[in-house]
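Chain by chain, the residues:
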2 protein chains.
Amino acid sequence: MLPVLGVDADDTLWENEERFHEVEQRFRDLMVPWAGGDATDAALLAAERENISRHGYGIKGFVLSMVLTAVEISDGAIDARSLAGIVGWGHEMMAHPIELLDGVPEALDDLGATHRLLLITKGDLGDQMGKVDRSGLADRFWRIEVVPEKDVPTYRDVLDRHGVDPAEFTMVGNSVKSDVLPVLAIGGRAIHVPHTTTWAFEKPDPADLDGVDFPVVDRLTDVAALL
Amino acid sequence: MLPVLGVDADDTLWENEERFHEVEQRFRDLMVPWAGGDATDAALLAAERENISRHGYGIKGFVLSMVLTAVEISDGAIDARSLAGIVGWGHEMMAHPIELLDGVPEALDDLGATHRLLLITKGDLGDQMGKVDRSGLADRFWRIEVVPEKDVPTYRDVLDRHGVDPAEFTMVGNSVKSDVLPVLAIGGRAIHVPHTTTWAFEKPDPADLDGVDFPVVDRLTDVAALL
């Protein structure tokens, strides 16, 4: 049996953050009558932070937080059609074509020759599964797991359910907080493949990086050489 | 190894529909300036039907559909605070205490003595996992699966991943459409435990019931006697 390699999806296999940034810009524009861009960003981030435990990660929660933030920033003055428009932005995001990152299919073919590939992603269940389907990459994975949070208990649980020893598990992804630190914490290996931008929620606490060491590569294609 | 018994969660283990009905009543009340109760119900159901493939099942999608319906019914005249209030109803639903149905913990204890219990539920991932946690029932289950849809491909996939032969699998739940018909279709057994109300989306097509036969029991406690 081949060893198991965990692979993140959003911003590791395909563009994701960029979709959110485009919509955040529209949201800033919509809020101009009541607030500047920085104030809008700060209010939205605060709403997301307050709601993440109930909304989880993903587009639907993002939309709900934008709706609440718009009502708050405008002190209830924003018109109902604009709020329905925000929901429409969410629908656009859900239907957006998948843009694979450079060399991803080939990299997965290489990695899949020596490893059983386990996709581990967080977000809305249906949305994440839909992206996997539309990506055309589903067949390259041994198993696909959508989880509510990528933390130590979740990794333990996922590996346990699939009969994988953490000491023989490697995770690859663009988020130090979600793909690297919790995997190192359970005795696995992790390889960081940074993406151009990192969402505020995915920035690790600097204290958590003390004395932690892990390889960083530019692209998924560079991972095979490290295994 | 004990045989595997699939168990539905919402309205099989605990009240769920009732929560939605309470909020639907509030929604009707909110729409009174623009529409009667029946027209509001019909518009909301149409919005849910249109959006289910992108929203999936669960509270967040329900809230988004209510927001869109309110804007449409009021022709954009509803005030922003009321729309934020709809999001607040969703938050209340997410935080609602779990009300177990009669005899559920005891029934699961009995069933768990002879079967490995596999909870299979659809809806928002984080919300469903949170309910399992808050129910205090998590330890009674061998495995827990939150799926985007409970149809033939999903059951095939779930059973395959857990190494369960459909011919040796039995599913128990309150929805003929989601818990009974697809399981019979893959060669498994199913036992229907009806709940007081059934959501329009969970009503099976009468044609699908032609020539189909399955046992129906009043309560989860009555299932053990049939196995």
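About the cut-offs
- Position labels on residues start from 1 in each chain and follow its written sequence.
- Each chain gets a letter, beginning with A, and each ligand a number, beginning with 1, in the order they are written.
- It should be noted that, the model being predicted, local features are given only for residues of pLDDT at least 70 and side-chain atom pairs only at 80 or more, the latter also being counted only at that level, while totals for whole chains, interfaces and linings use all residues.
- The side-chain numbers reported here are obtained from all heavy atoms of the structure, hydrogens and water having been left aside.
- We count a stretch as a helix when DSSP gives it H or I for four or more residues in a row; a strand needs E for two or more, and each element gets its number in order from the N terminus.
- Note on contacts: a residue pair is in contact if any heavy atoms of the two residues lie within 4.5 Å.
- Buried area adds together the accessible area that both of two parts lose upon being put together, with accessible area traced by a 1.4 Å probe.
- We define a salt bridge as a side-chain nitrogen of Lys or Arg found within 4 Å of a carboxyl oxygen belonging to Asp or Glu.
- Polar contacts, as used here, are pairs of N or O atoms within 3.5 Å; protein pairs need one atom able to donate a hydrogen and one able to accept it. Residues neighboring in sequence count only if both atoms are side-chain atoms.
- Side-chain classes follow a simple rule in which Ala, Val, Leu, Ile, Met, Phe, Trp, Tyr, Cys and Pro form the nonpolar group, Asp, Glu, Lys and Arg form the charged group, and the remainder, Gly included, forms the polar group.
- Only strands that DSSP links by at least two bridges are regarded as paired with each other.
- Think of each axis as a best-fit line through the C-alpha atoms, taken over the contacting stretch in the case of a helix, with angles from 0 to 180 degrees between the N-to-C directions.
- Accessibility here uses a 1.4 Å probe with only protein chains present; expressed as a share of the type maximum, an area under 20% marks a residue as buried, one over 50% as exposed, and anything in between as partly exposed.
- Assignment of crossover handedness uses the view with strands pointing away from the viewer, where a clockwise path from the first strand over the helix to the second indicates a right-handed crossover.
- A residue's pLDDT is simply how confident the predictor is in it, with values from 0 to 100.
- Domain extents, as shown, originate in an automatic or database domain assignment.
- One axis fitted to the seven residues ending at a residue, another fitted to the seven starting there: the angle between these axes is the bend at that residue.
- The fit set for superposing copies consists of C-alpha atoms from residues with pLDDT of at least 70 in both; the fit itself is least squares.
- When two rings of Phe, Tyr or Trp (its six-membered ring) have centres within 6.5 Å they constitute a pair, described as stacked for plane angles under 30 degrees, edge-to-face for angles over 60, and tilted for the intermediate range.

### Some points on the environment of G163 of chain B
Logical step 1: Position of G163 of chain B among the secondary structure elements: in the loop between α7 (152–161) and β4 (169–173).
Logical step 2: Distance in space between the C-alpha atoms of G163 of chain B and R219 of chain B is 29 Å, their sequence separation being 56 residues.

### Section: the interface of chain B and chain A
Logical step 1: Counting residues at the interface gives 31 residues for chain B, matched by 31 residues for chain A.
Logical step 2: Around 2,700 Å² of area is buried between chain B and chain A when both sides are counted, 69% of it from carbon and sulfur atoms.
Logical step 3: Where chain B meets chain A, there are four salt bridges.
Logical step 4: Close ionic contact of D124 of chain A with K60 of chain B constitutes a salt bridge, the shortest N to O distance being 2.9 Å.
Logical step 5: On inspection of chain B and its partner chain A, the count reaches nine residue pairs in polar contact (both at pLDDT 80 or more).
Logical step 6: Taken together, the residues that form the side of chain B that touches chain A break down as 16 nonpolar, seven polar and eight charged.

### Observations concerning the sheet that holds strand β1 (residues 4–7) of chain A
Residue and element names in this part refer to chain A.
Logical step 1: The strand order β3-β2-β1-β4-β5 describes an open sheet built from five strands, whose pairing is parallel. On the outer flanks of this sheet lie β3 (143–147) and β5 (189–192), each paired with one strand and no other. Strand after strand, the sheet turns through a mean of 20° between neighbouring axes, direction not considered.
Logical step 2: Examined bridge by bridge, strand β4 (residues 169–173) and β5 share four bridges and lie parallel to one another. Its bridge partner being in β5, M171 is matched across the sheet by A190.

### Thoughts on the pairing of β4 of chain B
Residue and element names in this part refer to chain B.
Logical step 1: Counting buried positions along β4 gives five out of five residues, so the element sits mostly inside the fold.
Logical step 2: Side chains F169, M171 and G173 of β4 all project onto a buried face; the interleaved residues T170 and V172 project onto the opposite face, where all are buried too.
Logical step 3: By the bridge criterion, four bridges tie strand β1 (residues 4–7) to β4 in an arrangement that is parallel. Residue pairing in the sheet places G6 in a bridge with M171 of β4.
Logical step 4: One crossover worth recording links β4 to the parallel strand β5 (residues 189–192) by way of helix α8 (residues 176–185), and it is right-handed.

### Remarks on the side chain of S74 of chain B
All names here are of chain B.
Logical step 1: With respect to the element layout, S74 can be found in the loop between α3 (59–73) and α4 (80–95).
Logical step 2: On the basis of relative accessible area, S74 is assigned to the buried category, the value being 3%.
Logical step 3: A distance of 3.1 Å separates the side chain of S74 from the backbone nitrogen of I78, its partner in a polar contact.

### Details of the confidence of the model for chain A
Regions with low pLDDT should not have their predicted coordinates read in detail.
Logical step 1: On average, chain A scores 95 in pLDDT, and the residues at 70 or more come to 100%.
Logical step 2: Interface confidence for the predicted complex, expressed as ipTM, amounts to 0.93; the pTM equals 0.94.

### Digging into the domain arrangement of chain A
Residue and element names in this part refer to chain A.
Logical step 1: Once the domains are mapped, chain A shows domain 1 (4–15 + 98–226) and domain 2 (17–95).
Logical step 2: Of note, the centres of domain 1 and domain 2, computed from C-alpha atoms alone, are 27 Å apart.
Logical step 3: On the domain 2 side, the residues contacting the 16 residues of domain 1 number 14 residues.
Logical step 4: With both chains or domains summed, domain 1 and domain 2 bury close to 1,400 Å², and 49% of this area falls on carbon and sulfur atoms.
Logical step 5: On the domain 1 side of the contact with domain 2, D124, W199 and F201 bury the most area, a combined 43% of that side's loss.
Logical step 6: Summed over the shared surface of domain 1 and domain 2, the result is one salt bridge.
Logical step 7: The salt bridge involving R19 is made with E99; its shortest N-O contact spans 3.0 Å.

### Let's talk about the side chain of K122 of chain A
Residues and elements named next belong to chain A.
Logical step 1: Among the secondary structure elements, K122 is positioned in strand β2 (residues 116–122).
Logical step 2: Using a relative accessible area of 10% as the deciding quantity, one classes K122 as buried.
Logical step 3: Residues in contact with K122, not counting those within four places in the same chain, are D10, Y57, Q128, V147, P148, E149, K150, S178 and E202.

### A closer look at helix α2 (residues 37–55) of chain A
Logical step 1: Of all the bends found along α2 of chain A, the most pronounced is centred on R49 of chain A and spans about 35°.
Logical step 2: All of the buried residues along α2 of chain A are T40, A43, L44, A47, E48, N51 and H55 of chain A.
Logical step 3: Contacts made by the buried residues of α2 of chain A are with α1 (17–31) and α3 (59–73) of chain A together with α3 and α4 of chain B.
Logical step 4: Of the residues trailing α2 of chain A, G56 of chain A is marked for its positive phi of about 70°.

### Here we look at the environment of V132 of chain A
All names here are of chain A.
Logical step 1: Relative to the assigned elements, V132 resides in helix α6 (residues 125–135).
Logical step 2: Along the primary structure V132 and I144 are separated by 12 residues, whereas in three dimensions their C-alpha atoms are 8.8 Å apart.
Logical step 3: In this structure, V132 is in contact with W14, L119, L137, A138 and I144, ignoring residues within four places of it in sequence.

### Examining the relation of the copies chain B and chain A
Logical step 1: After a rotation of 180° and a shift along the axis of 0.0 Å, chain B superposes on chain A with an RMSD of 0.0 Å. One copy is carried onto the other by what is essentially a two-fold rotation axis.
Logical step 2: With an isologous cut-off of 70% or more, the 100% of interface residues of chain B that recur at the interface of chain A puts this contact in the isologous class.

### Here's the deal with α8 of chain B
All names here are of chain B.
Logical step 1: Extensive coverage of α8 is indicated by the burial of seven of its 10 residues.
Logical step 2: Among all positions in α8, only V176, S178, D179, V180, L181, P182 and V183 are buried.
Logical step 3: After α8 finishes, the residue G187 shows a positive phi value of roughly 90°.

### A short note on the packing of aromatic side chains
Logical step 1: All told, the structure shown has six aromatic pairs over all chains when counted by the stated rule.
Logical step 2: Summarising the aromatic geometry, the rings of Y57 of chain B and W199 of chain B are spaced 6.1 Å apart at their centres and angled 80° between planes, so their arrangement reads as edge-to-face. Placement of Y57 of chain B in the loop between α2 (37–55) and α3 and of W199 of chain B in the segment after β5 is noted, with a sequence separation of 142 residues between them.
Logical step 3: The class for Y57 of chain B is buried, based on a relative accessible area of 12%.
Logical step 4: The rings of Y57, W199 and F201 of chain A are connected pair by pair, giving a single aromatic cluster.

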